[in-house]
Amino acid sequence: VTATVIDASGRELGVLSLTDAGAAISIDGTLRGLTPGVHGMHLHTVGRCDGPDFASAGAHWSPTPKQHGTTNAAGPHHGDLLNLTVGADSSVVVTMSTPAGSLRGENPLLDADGAAIVVHATADDYKTDPSGNSGARMACGVVSGS
């Protein structure tokens, strides 16, 4: 499956591929046109990316009763991902995986209302529930495909 990531103006930033990888989901691709620096990125529960704030993507994907963050004793969400470090050329190669989950298996990402991948304005602190203090949603891609 793939997610075509757009910014708040609707400009395409790149395509990410999502595949099952054991007890996790692997995410790979390249994004261009992001603000240089460190940004949080997460999987969200709804397959909608209505700009400019992308609130339509819903909350972080967390099919089990966990809190946000890989360093949170009560975490992590299935949709918690590593921070992206965007280079001075405004691009980043994405190669990461979720801490748990599957596309369509147990606790599936792709349920009736789909899913989205969201890039946030600032770095995720990996501990603060519900979003790691990662700021506004600046880019979004609907996860789709068979």
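Residues numbered from 1 in each chain as written. Predicted model: local features only at pLDDT ≥ 70, side-chain atom pairs only at ≥ 80, totals over all residues. Heavy atoms only, no water.

**Student:** Provide a residue-level description of the environment of S144, including the pertinent values.
**Tutor:** As for its placement among the helices and strands, S144 is situated in strand β9 (residues 137–144). Between the C-alpha atom of S144 and that of G114, which follows or precedes it by 30 residues, the distance is 7.6 Å. Once residues within four sequence positions are removed from consideration, S144 is found in contact with V1 and T2. (Helix = DSSP H or I, 4+ residues; strand = E, 2+ residues; numbered from the N terminus. Contact = heavy atoms within 4.5 Å.)

**Student:** Help me get a handle on the nonpolar core, residues and values and all.
**Tutor:** Among the nonpolar cores identified, the biggest contains 28 residues, and L18, I27 and L109 are the most heavily contacted of them. Of all the secondary structure elements, the ones that give two or more residues to this core are β1 (2–7), β2 (12–20), β3 (25–32), β5 (41–44), β6 (84–86), β7 (91–97), β8 (115–120) and β9. In this view, L18 contacts V1, T2, A3, I25, S26, I27, L43, L103, L109 and V143; residues no more than four positions away in its chain are not counted. C49, A57, A116 and C140 belong to the second-largest nonpolar core, a separate cluster that totals six residues. (Core = buried A, V, L, I, M, F, W, Y, C linked by side-chain atoms within 4.5 Å. Buried < 20%, exposed > 50% of the residue type's maximum accessible area, 1.4 Å probe, protein only.)

**Student:** Just give me the short version of the sheet that holds β9, but keep the residues and values in it.
**Tutor:** If you trace the seven strands from one edge of the open sheet to the other, you get β5-β8-β9-β1-β2-β3-β7, paired in antiparallel fashion. Edge strands, defined here as strands with exactly one partner in the open sheet, are β5 and β7. Shown here is a sheet whose adjacent strand axes are inclined to one another by a mean of 20°, direction ignored. Pairing geometry for β1 and β9, over six bridges, is antiparallel. Across the sheet, the residue bridging to V5 is G141, located in β9. (Pairing = 2+ DSSP bridges. Axes fitted to C-alpha atoms, helices over the stretch in contact; angles between N-to-C directions.)

**Student:** Explain the environment of D124 residue by residue, including any values.
**Tutor:** Relative to the helices and strands, D124 resides in the loop between β8 and β9. Taking the C-alpha atoms as reference, D124 lies 7.8 Å from M41; in sequence the two are 83 residues apart. Contacts of D124, omitting those with residues within four sequence positions, involve G40, H42, H68, L81, N83, S131, G132 and S134. Looking at D124, its side chain comes within polar contact range of the main-chain nitrogen of Y126, at 2.6 Å. (Polar contact = N/O pair within 3.5 Å; in protein donor to acceptor, adjacent residues only side chain to side chain.)

**Student:** Residues and numbers for the state of the cysteines, please.
**Tutor:** By definition, a disulfide links two cysteine residues through a covalent bond between their sulfur atoms. Under the definition given, this model contains one disulfide. Each disulfide pairs two cysteine sulfurs, and for C49 the partner residue is C140, the sulfurs being separated by 2.0 Å. In this structure, the disulfide formed by C49 and C140 twists by about -65° around the S-S bond and is classed as left-handed. Taken as a pair, C49 in the loop between β5 and β6 and C140 in strand β9 lie far apart in primary sequence, 91 residues in all. C140 matches C49 in its accessibility class, with the two residues each being buried. (Disulfide = S-S within 2.5 Å.)

**Student:** Tell me what's going on with the pattern of salt bridges, and back it up with residues and numbers.
**Tutor:** Pairing between side chains becomes possible if they bear opposite charge and their charged atoms approach one another. Scanning the model with the defined rule gives two salt bridges in all. For D50, the salt bridge is made with R48, and the minimal N-O distance between the two is 2.2 Å. Classification of D50 by relative accessible area gives partly exposed; the value is 33%. For R48, a relative accessible area of 46% corresponds to the partly exposed category. (Salt bridge = Lys/Arg side-chain N within 4 Å of Asp/Glu carboxyl O.)

**Student:** Could you give an account of the pairing of β5, naming the residues involved and the relevant values?
**Tutor:** Within a regular beta strand, the side chains point alternately toward one face of the sheet and then the other, so they alternate between its two faces. Neither face of β5 is left uncovered, since the one carrying M41 and L43 and the one carrying H42 and H44 both have all their residues buried. Taken together, the four bridges between β5 and β8 define a ladder with antiparallel strand orientation. Paired with L43 across the bridge in β8 is I117.

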